[in-house]
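Descriptive analysis of the structure
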Amino acid sequence: MDRTKHNDIIRHAAAMADKASFVADDFAQALFPQTEVVFNDRMLSNARQYLRGIIGEIEQRICRIATQELGVTQESLVKIGQGEEGQSFLLLEDSGLLKTTEIVQHLFTKTQRSELAARLLQKISQEDLEATLTRHLDHGDTTIAEAAMGLLVAQSKTTGAAGEIAANLADLSPEILYAFAWPITAALVRVAGSSGLQLQQATERLFASHDESAGVARKAERLARLLAQSTTEKDPTPHPMRDGLSLFIARLARQSGLSSDQIIAFTSEPNMARLVVVLRAADFPTQEALSIFAALDDGDHILTAATYGETDRDRSLTLVSNWTSPPVYQSAERILSAGFSGDQGK
Amino acid sequence: MTTSGKLSQPVRGQVDVDGLLLSADPLLMRLHLRSGGYEGGPLAVPELAEMCRLSKRLGMNLSRPVQASDDDCQIDMWVETQIVSPGQEDQIGLAIIDWKEHPRDDNGHADLARERDFDRLEGKGSIRTDEALRIIAQEMPGNAANAAETIGQSLLDIFDVIPPSANARLLEAVAERQPIRNQRMREKNGAQRLFVLQGHPLVDKAGIFSGYRFAATPDDTAVGGKNSKVAGGKLISDSLFGLQLGPALRQPLGKIIANAETISSKLEGPLRGDYASYAKDIASAGRHLLDLVNDLSDLEAIERPQFTVAADDIDLVDLAHRAAGLLSVKAADHQIRIDLPDEGDVLPARGEFRRSLQILVNLIGNAIRYSPDGSVIKLKVSAEQGFSRISVTDQGDGIASEDHDRIFQKFERLGRSGDGGSGLGLFISRRLANAMGGSLVVESMIDQGSTFTLALPEQKPA
């Protein structure tokens, strides 16, 4: 055994000892999940890959601004700015700084959205999916036509390779970029061993250049609003095969008063029960609802006309109305009512 | 008013680090003013102010949907913030790229109730109909007993349309959902009184026409005509203000006030600052004149020997809330809080609804006028010795004890001037209170505020 390998084992063993107390936690989470949502290996792999990618993108942009605009010359930062692999990810992963609810929720939504896109691509080709938006390009209302063009362009920039989630900074909401960028900046300061002031300034410049309006989610949301407000042409019921995934989710979110992230989360749950309730509350025709369910399902489940028809609309409306409450309120209400009923749809 | 949602250019504004609105295009300025803001003051649209704060905290440009509302409508906007580049640091630019207005759907009910109270205060009746002109609700002056009988009947079954207008013209206006102006109608039954109706089409939450709200003003010109015949061709009747000058002056004064307010708030575009101030002065002088006309009409009415008041069953707590509601904007202008009895409480009394409301509006109006900004006006109710009482207490300068009687005298201003008062309000209020079998008294000391107490007879058990 050579000396380097010997040192590696020593280092590894020491690291394992530091983390040993968390083994039981990890095993407990796998053994006793608190939800019925199943995270398959592909989702976990995609999430990790996306996380690495987005952290790499952010640290590269910060380093580029620091070196090119603020005159920072540290070699390690220059290299990261030039595209070499960064070192923030490992530091942040070990420190637990990535395990904030905000970041993990974002990862989950991104991953589930990617799952839905993959499911949809089993039923319709990428070309046909992209063509869905082109029907709005000739809309009588030029504002709608322009918004559709904007969404089309934004989507084309973020389409990753099949099965991958594109790590695109423009698609991060300002709140998420903020949550990622400051820990990354702190990690870069540690990696470079330099004063943090210039890196902080670089991060602030990154923020100032971030444009939320360029992201797919906001563009889809605006187009959904304009379509809903349009008095010249009434668009048919939202459908992922007719609207594409982003616009469909935005339209359904607008119609139901829920957020896009909630709609995506509903599709991850067994039998997509909450999605069905949303469709029923919005009074989607039976055939449309069944077709939407089939388009978004992973192939194991079936929604029948009888089941959909028997879902009580008034109760669905009440439930959807409950789900539009602020998340903190819903969470508090759930905790307070725990033990009284397991069938409140919460 | 832009309602379509399409803007040829974004509506822009600029907000500084403290949230002060530095500049704004007319649409944004109108919304800011209607939300209680003032020029150069903090951005008063909470949703936009919050977005500016978030943009500043994150240091990023945001692009989000925003829903705001003013007195008339809800506005769906798409708003983009722009952190202004170095050199003009600490400023946030707002660009509103979509602007769509909808009629308000939240407290339309409360607004209608407030409008009805204004009508009742002016002695007008109000009628609410469905889309087929069937009466849903009716409150006519001096006709409370018959109100229930008319519900469900067509407006045209209760009233005759007076020529030269005819049913066809009225129905044409209804079919086109047009406002109905100055339509003279005569009651078919009972006293066959004449009214002039002003109708406003109503639109429900879904944007669908749902009927009309009519304000019915007793048509005094016909009565005036009879009087002048009796007077043998006298040019000016005994009822100079009530029947002749009052109605003739109110309409042009109303137009002067409305136009001057439009100019002063710069709703039609930018205007030199001193010109806007002149317009404010014109509106203020117009309101003063209108108040004077109303006071003189009332003075004339209460001094007639045949003056009587109705004895309605009223609730002083309800009246307190209505009167405070009518003056809520004026109080808010001076950051004055009106402390009211609990809405669930009840204090029954006997008195004419409209006249009791008039007294309370006068008392609260005076309290606002003579209280320091940011103070509190308290309304309390009590019952003792066969009387129901409501008191209005302010934190103003107070009144010397030797002046307690003088302030209830005609045209007595205690040397004050320029505050919009006519010196008739308290005189009229006390005479009205006495006419209803009650009283109006004051307790006050210099520098310790004033308390005016209206006492009305208790309701006798049935």
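As the structure is a prediction and not an experimental result, all values here were calculated from the model. (Residues numbered from 1 in each chain as written. Chains lettered and ligands numbered in written order. Predicted model: local features only at pLDDT ≥ 70, side-chain atom pairs only at ≥ 80, totals over all residues.)

**A few points about the sheet that holds strand β18 (residues 439-444) of chain B**
All names here are of chain B. Strand order in the open sheet formed by 5 strands is β14-β16-β17-β19-β18, and the pairing between neighbours is mixed. Each edge of the open sheet is held by one strand with a lone partner, namely β14 (337-339) and β18. The mean angle between the axes of side-by-side strands here comes to 15 degrees, regardless of whether they run parallel or antiparallel. Relative to strand β19 (residues 450-457), β18 runs antiparallel, the two sharing 6 bridges. Pairing of Glu443 across the sheet is with Thr451, part of β19. (Pairing = 2+ DSSP bridges. Helix = DSSP H or I, 4+ residues; strand = E, 2+ residues; numbered from the N terminus. Axes fitted to C-alpha atoms, helices over the stretch in contact; angles between N-to-C directions.)

**Looking at the pairing of strand β6 (residues 91-103) of chain B**
Residue and element names in this part refer to chain B. The pairing of strand β2 (residues 11-16) with β6 spans 6 bridges and is classified as antiparallel. Residue Arg12 lies in a different strand from β6, and its bridge partner there is Ala95. Two elements, strand β5 (residues 73-83) and β6, share 11 bridges in a ladder whose sense is antiparallel. Its bridge partner being in β6, Ile83 is matched across the sheet by Ile92.

**Some points on the interface of chain A and chain B**
Facing the 16 residues of chain A at the interface are 13 residues of chain B. Those elements giving two or more residues to the side of chain A that touches chain B turn out to be α9 (174-192), α10 (197-209) and α11 (216-229) of chain A. Looking at the side of chain A that touches chain B element by element, the count peaks at 5 residues for α11(A). Considered class by class, the residues forming the side of chain A that touches chain B number 4 nonpolar, 4 polar and 8 charged. (Contact = placed C-beta atoms within 7 Å. Nonpolar A, V, L, I, M, F, W, Y, C, P; charged D, E, K, R; others polar.)

**What about the confidence of the model for chain A?**
Overall, the predicted model of chain A reaches an average pLDDT of 86, with 94% of residues at or above 70. Overall, residues 342-346 of chain A carries pLDDT values under 50, and its contacts beyond four positions in sequence, including any with other chains, amount to 5 contacts. (pLDDT = per-residue confidence, 0-100.)

**So, helix α15 (residues 273-281) of chain A**
Residues and elements named next belong to chain A. With respect to burial, α15 is a largely interior element, 8 of its 9 residues being buried. Inspection of α15 places Arg274, Leu275, Val276, Val277, Val278, Leu279, Arg280 and Ala281 among the buried residues, and these make up the whole buried set. Summarising the contacts, the buried residues of α15 are in contact with α13 (245-256), α14 (260-266), α16 (286-296), α17 (305-310) and α18 (313-323). Where α15 terminates, the next one or two residues include Asp283, which has phi positive at roughly 60 degrees. (Buried ≥ 20, exposed ≤ 12 C-beta atoms within 10 Å, placed from the backbone.)

**Thoughts on the packing of α11(A) against α13(A)**
All names here are of chain A. The N-to-C vectors of α11 and α13 enclose an angle of 55 degrees; their axes lie 8 Å apart at closest approach. Viewed along their axes, α11 and α13 adopt a mutual orientation that is oblique. Considering how the two elements wind past one another, α11 and α13 form a crossing that is right-handed. Note on element contacts: α13 touches α11 through Ser246, Leu247, Ala250, Arg251 and Arg254, opposite Val216, Ala220, Glu221, Leu223, Ala224, Arg225, Leu227 and Ala228. In the contact of α11 with α13, the residues fall into 8 nonpolar, 1 polar and 4 charged. (Parallel < 35°, antiparallel > 145°, perpendicular 65-115°, else oblique. Left-handed = near helix turned anticlockwise from the far one by under 90°.)

**Here we look at the packing of helix α10 (residues 316-326) of chain B against helix α12 (residues 353-370) of chain B**
All names here are of chain B. Between α10 and α12, the shortest axis-to-axis distance is 9 Å and the interhelical angle comes to 55 degrees. Viewed along their axes, α10 and α12 adopt a mutual orientation that is oblique. The handedness of the crossing between α10 and α12 comes out as right-handed. Every residue of α12 that contacts α10 at Leu319, Ala320, Arg322, Ala323, Ala324 and Leu326 is listed here: Ser356, Leu357, Leu360, Val361 and Ile364. When the residues that make up the contact of α10 with α12 are grouped by side-chain class, the tally is 9 nonpolar, 1 polar and 1 charged.

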